[in-house]
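# Overview (structure and organization)
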Amino acid sequence: MKRKHFLLLTMLGLIVGSAFFSACEKVPAVKLTVDETMLVGKWSAQDNPQEFWRFDSDHAGETWDQSEDVQEGEGTHYNWSVTEDQLQIDLYGEMGQHVYKDYTVTYQTRDSLVWKDLYGNSRSFTRSEI
C-alpha cells in the first residue's frame, strides 16, 4: 500500500512539475519594425549629449562628436539601411575604408531611439531636431 501511495505521489509530482515548467517558458518577444520616416533627423546620444547621428532621407548620414571638437559637416559620413528591427550602418573612414556596424533597434518613438550592438551593449538617443 505504501508503495502505491509513493508511486501515485511521484507521478503527481511529475505531472505538477511538468505543468509548472511548461507554464514558465519564455514567450517570444515581438520584433520591432523600424519606421524609417521616424529615424530621419538628428539624434544625440544620452550618454554623451555632444555626440550626434544624423540620418538623412536618402539613406546617407553623418556622425560627429562636439566634445572632440568635431562639428557637423566635419564628421564621419555613412550610408544606412533598415530590415525589420536591424539597422545597418556603413561608415566611411578618412582613408576610404568601410566600417560596417549592425544594430538591433529595441525601442523607437518619434523622439527616442535605443539600439543594441552585436555584443549586447545598448545605446539610447533623443531627437535633437528633424
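A brief look at the structure comes next. Keep in mind that this is a model prediction, so the values were computed, not measured.

## Overview of unusual backbone geometry
Residues other than glycine seldom take positive phi values, yet D69 does so here, at roughly 60 degrees. Along the chain, D69 falls in the loop between β3 (60-65) and β4 (76-83). Given the relative accessible area of 62%, D69 is considered exposed. Here the phi dihedral of E84 falls at roughly 55 degrees; this positive angle occurs in a residue that is not glycine. The topology assignment puts E84 in the loop between β4 and β5 (86-92). Of the residues examined, E84 reaches a relative accessible area of 45% and is grouped as partly exposed.

## Quick word on the sheet that holds strand β8 (residues 122-129)
The strand order β1-β2-β3-β4-β5-β6-β7-β8 describes a closed barrel built from eight strands, whose pairing is antiparallel. Neighbouring strand axes in the sheet, compared pairwise and without regard to direction, differ in orientation by 35 degrees on average. Strand direction decides the pairing type here: β4 and β5, joined by six bridges, are antiparallel. Note that in β5 the partner of T83 across the bridge is Q86.

## Considering the pattern of salt bridges
Close approach of charged atoms lets side chains of opposite charge pair. Applying the stated criterion across every chain yields a total of eight salt bridges. The residue R123 makes a salt bridge to D47 at a minimum N-O spacing of 2.9 Å. With R123 in strand β8 and D47 in the loop between β1 (41-45) and β2 (51-55), the pair connects residues that are 76 residues apart, well separated along the chain. Judged by its relative accessible area of 22%, R123 is partly exposed. Given the relative accessible area of 57%, D47 is considered exposed. The salt bridge partner of R54 is E62, with a shortest N-O separation of 3.0 Å. Like R54, the residue E62 is buried in the burial classification.

## A few points about the pairing of β5
Remark: two residues form the turn of the hairpin made by β4 and β5, two consecutive strands paired antiparallel; E84 in that turn has positive phi of roughly 55 degrees. One ladder, built from seven bridges, connects β5 with strand β6 (residues 98-108); its direction is antiparallel. Along β6, the bridge assignment pairs L87 with Y103. As consecutive antiparallel partners, β5 and β6 are separated by five residues, and within that stretch G96 has a phi angle of approximately 90 degrees, a positive value.

## Topic: the pairing of β3
Side-chain direction in a regular strand flips from residue to residue, so the side chains alternate between the two faces of the sheet. Taken across its six residues, β3 has five buried, putting it largely inside the fold. Across five bridges, the pairing between β2 and β3 is antiparallel. Pairing of E51 across the sheet is with D65, part of β3. Linking two consecutive strands that pair antiparallel, namely β2 and β3, is a turn of four residues; a positive phi of about 70 degrees is found at H59 within it. As defined by bridge partners, β3 adjoins β4 across four bridges and the pair is classed as antiparallel. Residue E62 lies in a different strand from β4, and its bridge partner there is H77.

What counts, and where the lines are drawn
- Residues numbered from 1 in each chain as written.
- Predicted model: local features only at pLDDT ≥ 70, side-chain atom pairs only at ≥ 80, totals over all residues.
- Heavy atoms only, no water.
- Helix = DSSP H or I, 4+ residues; strand = E, 2+ residues; numbered from the N terminus.
- Buried < 20%, exposed > 50% of the residue type's maximum accessible area, 1.4 Å probe, protein only.
- Pairing = 2+ DSSP bridges.
- Axes fitted to C-alpha atoms, helices over the stretch in contact; angles between N-to-C directions.
- Salt bridge = Lys/Arg side-chain N within 4 Å of Asp/Glu carboxyl O.

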